[in-house]
Amino acid sequence: MTSIANDPLLQPYRLKHLTLKNRVMSTAHEPAYSDDGLPKERYRLYHAEKAKGGMALTMTAGSALVSRDSPAAFGNLQAYRDEIVPWLAELTDACHAHDCKVMIQLTHLGRRTGWNTADWLPVLSASPVREPAHRSFPKEAEDWDIERIVADYAAAAQRMQAAGLDGIEFEAYGHLMDSFWSPATNRREDEFAGSLDNRLRFSFRVIDAVRAAVGPDFVVGIRMVADEDWERGLAREDGVEIARRFAACGKVDFLNIIRGHIETDAALTEVIPITGMRSAPHLDFAGEVKAVTKFPVFHAARIADVATARHAIAAGKLDMVGMTRPHMADPHIVRKVMAGEEDRIRPCVGATYCLDRIYEGGEALCIHNAATGREATIPHVIARSNGPLRRVVVVGAGPAGLEAARVAAERGHQVTVLEAASQAGGQVRLAAQNPRRKELIGIVDWRLAELERLGVEIRYDCWAEPDDLRALAPEMVVIATGGLPQPPPLAEGDDLVTTSWDILSGSVKPGGSILFYDDNGGHQAMSAAEVAATSGASVEFVSPERFFAPEMGGMNHVPYMRSFHENGVRVTINTRLLGVRREGNRLAATLGSDFASGFREERLVDQVVAEHGTTPLDELYFALKPLSSNQGAVDYEALVSGGDIFPSSNADGAFVLFRIGDAVASRNIHAAIYDGIRYAIRL
């Protein structure tokens, strides 16, 4: 193992007048934690936690907006407002207290936003070329637009300097600035078109205006695409030449390198890969840009583990390595490396629940760190309880039960886990049976390692009954038994339907022809259909929704659709499964419509697989409920706002009882883990 003194990741780096204490950073991203376009408490606490965790540089904002006609696409900060300055100053001070430098990314989104929001101003771009992802038809930027936006960049940069930030970077991939660079988006016939000099004219006007506004000493960088990896886009040769020109101009201090284009979900996942995709796919390219420019180069793209990050620095490919999603999973990566606890880092499993939520209009949440974005109420480091220590029994070792056991044990309680299966993991282990999603098992493995460290006993192959619980004399009982698949409401044929669980677990082999009916909308049916289609089955995927898999974001949608298209999966939407009956040795599935009562179709297939979520496995909970002191009740107001969450309704009850995760209702992995921590932190 690399010694701390010689660890490449822990060596300081000099950037202009700044000394960055190590080589680890979080690149710009928008977690959508803003409040009225401003980085208030939630935003500040999120970045301060990463600073506390030891990183050297946090780049705030996934593109703070410089102009009003660049309305927020996903919670962006509004850098065009003077009101942002004191809030950013407070955030900067909080990070500086931990010797973490703070920068911000500035942009005009160009065509990567919508016109029918905020002030309803027209979207613009270098040319009127529509971006499929945001669907707006932009106008071509006029001379007065360009003059105005250049001035807006300079004014925004001054605000950032006034807030005490250590620097800024421009965003130039998929936004306004680089729309002038790319043949795919620049179809102009004026001084901003044609030669590379002309296509860079707007960028250098911005750089010159910003330098005039902030002076020569303020750090200014650019996060730029150096190869759009697209036959009609910016070629590698031109992109690297642009990087070389920026490096040589004397007005830019670092390059943050991107490869790819982002105008569709499919293209975006090549830039920001998700689970099942290659690790660090653009690292070597970033290293090539560094070799050509001999200039400070930053980069992030699925550098998910310390070993890869360390290699990036040690091999001289990067000067600063971005570990952005990994710091959502564990903001204390550097602290753990310094403490010799690298094995305790909570892994980023590439689930990309974080980004999918942002792009679908939510806020960034890590699939298995429920404290991220909730720092005001949930700690990342669990403190020992200052109250009485109790005997806690957790029934169920799925994600909810494992998280509750981990947190309760960190609090100092004596914890025993009872699990009916021979292995822990529940539905996470089932999800990981899809080879493309096998990394999800890291959610389970990390918790098992933590429970072993904490001395928690897990009893496998134990179908818990009330007497088993009494024998352990618990003071707290946590029911985390999860759920079992339930069929959708059918007029007939419940007993003829196979479940997604059956296919994923391998307990039922895929038939020759299969109708998958998804009345849940998450990963379950999509993943089972992918597995079946890959095995050679002929698959039709049917959804009653107007678009299918609505509980899944666009980035996770991409590999499923790639597989569906490669394997000939037929997709039918706006159609409901009404019933299933036998017809010879095959099954006849009757399909109907919510929109036309007389609509009926039949499919003759070998197998019908239906997904309708789970029904709680709650028999034990209801058997124990009358024996508990709180009758299973939870004070939700206290759970959210503070106070005793377990009202006493039976003073003679031997234990407090509550249930979490899918033992309550069918939800998802994040909900299960959030339940686990927010209840157990109160024990």
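Nothing here was measured: the structure is a model prediction, and the numbers come from that model.

Looking now at the UniProt feature "domain: FAD/NAD(P)-binding" (unreviewed entry) in the protein. Residues annotated in UniProt with the feature "domain: FAD/NAD(P)-binding" (unreviewed entry) correspond here to residues 391-623. Taken end to end, residues 391-623 is 32% helix and 28% strand, and its two terminal C-alpha atoms sit 20 Å from one another.

Quick look at the domain arrangement of the protein now. In terms of domain boundaries, the protein breaks down into domain 1 (4-361), domain 2 (391-484 + 616-681) and domain 3 (487-612). Using C-alpha coordinates to define each centre, domain 1 is positioned 40 Å away from domain 2. Summed over both partners, the interface of domain 1 with domain 2 buries about 1000 Å², with 50% contributed by carbon and sulfur atoms. Of all residues in domain 1, the largest losses of buried area upon contact with domain 2 belong to Arg 344, Arg 346 and Val 349, amounting jointly to 49% of the total for that side. Connecting domain 1 to domain 2 are 3 salt bridges. Counting every contact that joins domain 1 to domain 2 gives 7 residue pairs in polar contact (both at pLDDT 80 or more). Of the residues that constitute the side of domain 1 that touches domain 2, the class distribution is 5 nonpolar, 2 polar and 3 charged.

Below, the discussion takes up helix H2 (residues 84-96). Taking 1.5 Å per residue as the helical rise, H2 with its 13 residues ought to reach 18 Å, and the 18 Å between its terminal C-alpha atoms agrees with that figure. All of the buried residues along H2 are Ile 84, Val 85, Leu 88, Leu 91, Thr 92 and Cys 95. Along H2, the residues classed as buried sweep out an arc of 130 degrees about the axis, all on the same side. Turned more than 90 degrees away from the buried face of H2 sit Pro 86 and Asp 93, all of them exposed. Turning to H2, the residues buried within the fold contact helix H1 (41-52), strand S4 (57-65), strand S5 (101-107) and helix H3 (143-162).

Another aspect to go through is the nonpolar core. Considering soluble globular proteins, one finds that nonpolar side chains tend to be buried as a cluster. Ranked by internal contacts, the top residues of the largest apolar core, which has 102 residues, are Trp 181, Phe 202 and Met 224. With 7 residues, H3 is the largest single contributor of residues to this core. With near-sequence residues (within four places) excluded, Met 224 lies in contact with Ala 172, Trp 181, Gly 239, Ile 242, Ala 243, Phe 246, Leu 255, Asn 256, Ile 257 and Ile 258. Ranked by size, the runner-up nonpolar core spans 50 residues in total, among them Val 394, Ala 408, Met 476 and Phe 658.

Calculation notes
- Residues numbered from 1 in each chain as written.
- Predicted model: local features only at pLDDT ≥ 70, side-chain atom pairs only at ≥ 80, totals over all residues.
- Heavy atoms only, no water.
- UniProt positions renumbered as here; feature names shortened; annotations may be inferred.
- Helix = DSSP H or I, 4+ residues; strand = E, 2+ residues; numbered from the N terminus.
- Domains from an automatic or database assignment.
- Buried area = accessible area lost by both parts, 1.4 Å probe.
- Salt bridge = Lys/Arg side-chain N within 4 Å of Asp/Glu carboxyl O.
- Polar contact = N/O pair within 3.5 Å; in protein donor to acceptor, adjacent residues only side chain to side chain.
- Nonpolar A, V, L, I, M, F, W, Y, C, P; charged D, E, K, R; others polar.
- Expected span 1.5 Å × (residues − 1).
- Buried < 20%, exposed > 50% of the residue type's maximum accessible area, 1.4 Å probe, protein only.
- Arc of directions from axis to C-beta.
- Contact = heavy atoms within 4.5 Å.
- Core = buried A, V, L, I, M, F, W, Y, C linked by side-chain atoms within 4.5 Å.

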